[in-house]
Amino acid sequence: MKKYLGCFLLLVTLSLQAQNDRLFLNNGNLLKGVIANDTLSDTIRIEISQVMILVPFEAINEIYPNRRHNQKLLYLRTGPVRSMSTNLTFGIVSGKSSSSAPSVMRPAGYIGQFYHAHTLFNIGLQTGIVDYKEYTVYPTSIEYQAHFGRSYRNWLVYGNAGYGFAKATQEYEEQFSLSGGYNYQLGVGYHIAQDRYAFQFKVGYSVQKIEATITYSDDYSTIRQRRLNKITIQITYRISYQ
């Protein structure tokens, strides 16, 4: 009896292992089943719930076969996965609007267009708005991202640099005038993808330079440089297309 029970458990284990072949697709989907190919080809055949599905090789990011005779299929994409995406980012910045002001939390929003050539090379152009009580900053920057891990779940690091235009709010525009300056931001995040859509959760540190001209009279004015150091928390919604 123990012998038959042992054989049964062995067959169940092998059957479960056979179902653990996994294809991670470029769009973030995961397919689990039995890979029917013995070698890599233009099309990978995978059986899922007794249905044979054909997957173009170009759509695959990673292959993790579980069966011993399919170990040659082990694959991790290292070539380019070229695509574009539109990114909508909403966030909060925490910092001082001036050296004498207390730290405050203010809303921020960005829209960007990205080109994805490789997991380690994602670059885009974005513009946005950061609202303060005394003025509004309109930053425009080039952002670079590098992703580490699987296509549908991974950690990322990012950095951007550019120029921010500044404008005093209506309440304060008679007290001073503003001109913009350079900005940059560095941070880390986590990327979650499903099909063509993805969310990114990011935390970073940013710097924005602006110049304020304060006019006291027709004959007397002063210029003050302001360096806005801010902690940023952002959520990005990404729509990808090829």
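Higher on the page you've got the structure.
Residues numbered from 1 in each chain as written. Predicted model: local features only at pLDDT ≥ 70, side-chain atom pairs only at ≥ 80, totals over all residues. Heavy atoms only, no water.

Asker: Would you mind showing me how to read the pairing of strand β10 (residues 135-149) here?
Answerer: The two faces of the sheet receive side chains in turn, since in a regular strand these alternate between them. Judged from the eight bridges that link them, strand β9 (residues 121-131) and β10 form a sheet pairing that is antiparallel. Across the sheet, the residue bridging to Val130 is Val137, located in β10. Taking the residues that link successive antiparallel strands as the turn, the β9-β10 hairpin has three residues. Where β10 lies against strand β11 (residues 153-168), 15 bridges are found, and the strand directions are antiparallel. Looking across to β11, one finds that Gln145 is bridged to Tyr158. (Pairing = 2+ DSSP bridges. Helix = DSSP H or I, 4+ residues; strand = E, 2+ residues; numbered from the N terminus.)

Asker: Sorry, what's going on with the pattern of salt bridges here?
Answerer: Two side chains bearing opposite charge may form a pair once their charged atoms approach each other closely. This model, assessed by the stated rule, comprises two salt bridges. Residue Asp131 pairs with Arg106 through a salt bridge whose shortest N-O separation is 3.2 Å. One end of the pair, Asp131, is in strand β9; the other, Arg106, is in strand β8 (residues 104-118), and 25 residues separate them in sequence. Residue class for Asp131 comes out partly exposed when judged on its relative accessible area of 29%. Using a relative accessible area of 25% as the deciding quantity, one classes Arg106 as partly exposed. Across the salt bridge formed by Lys202 and Glu143, the nearest N and O atoms sit 3.5 Å from each other. Taken as a pair, Lys202 in strand β14 (residues 197-215) and Glu143 in strand β10 lie far apart in primary sequence, 59 residues in all. Assessed through its relative accessible area of 3%, Lys202 is described here as buried. (Salt bridge = Lys/Arg side-chain N within 4 Å of Asp/Glu carboxyl O. Buried < 20%, exposed > 50% of the residue type's maximum accessible area, 1.4 Å probe, protein only.)

Asker: Would you mind showing me how to read the pairing of strand β5 (residues 60-64) here?
Answerer: Across the five residues of β5, four count as buried, placing the element largely inside the fold. Summarising the sheet, strand β1 (residues 21-25) and β5 pair through four bridges and their orientation is antiparallel. The residue of β5 that forms the bridge with Leu23 is Ile63.

Asker: For this particular structure, what's the right way to read the environment of Thr215?
Answerer: Structurally, the position occupied by Thr215 is in strand β14. Taking the C-alpha atoms as reference, Thr215 lies 8.6 Å from Glu174; in sequence the two are 41 residues apart. In contact with Thr215, not counting residues within four places along its chain, are Gln175, Tyr220 and Ser221. (Contact = heavy atoms within 4.5 Å.)

Asker: I keep staring at the nonpolar core and nothing clicks. Help me out?
Answerer: Soluble globular proteins: nonpolar side chains tend toward being buried together. In terms of nonpolar packing, the biggest core is built from 16 residues, with Val130, Tyr132, Tyr135, Phe176, Leu178 and Ile210 touching the most fellow members. Elements supplying a minimum of two residues to this core: β8, β10, β11, β12 (176-179) and β14. The dominant element in this core, judged by the number of residues it contributes, is β14, at three residues. If you look at the next biggest cluster of nonpolar residues, it comprises 10 residues, including Leu23, Ile35, Ile46 and Phe57. (Core = buried A, V, L, I, M, F, W, Y, C linked by side-chain atoms within 4.5 Å.)

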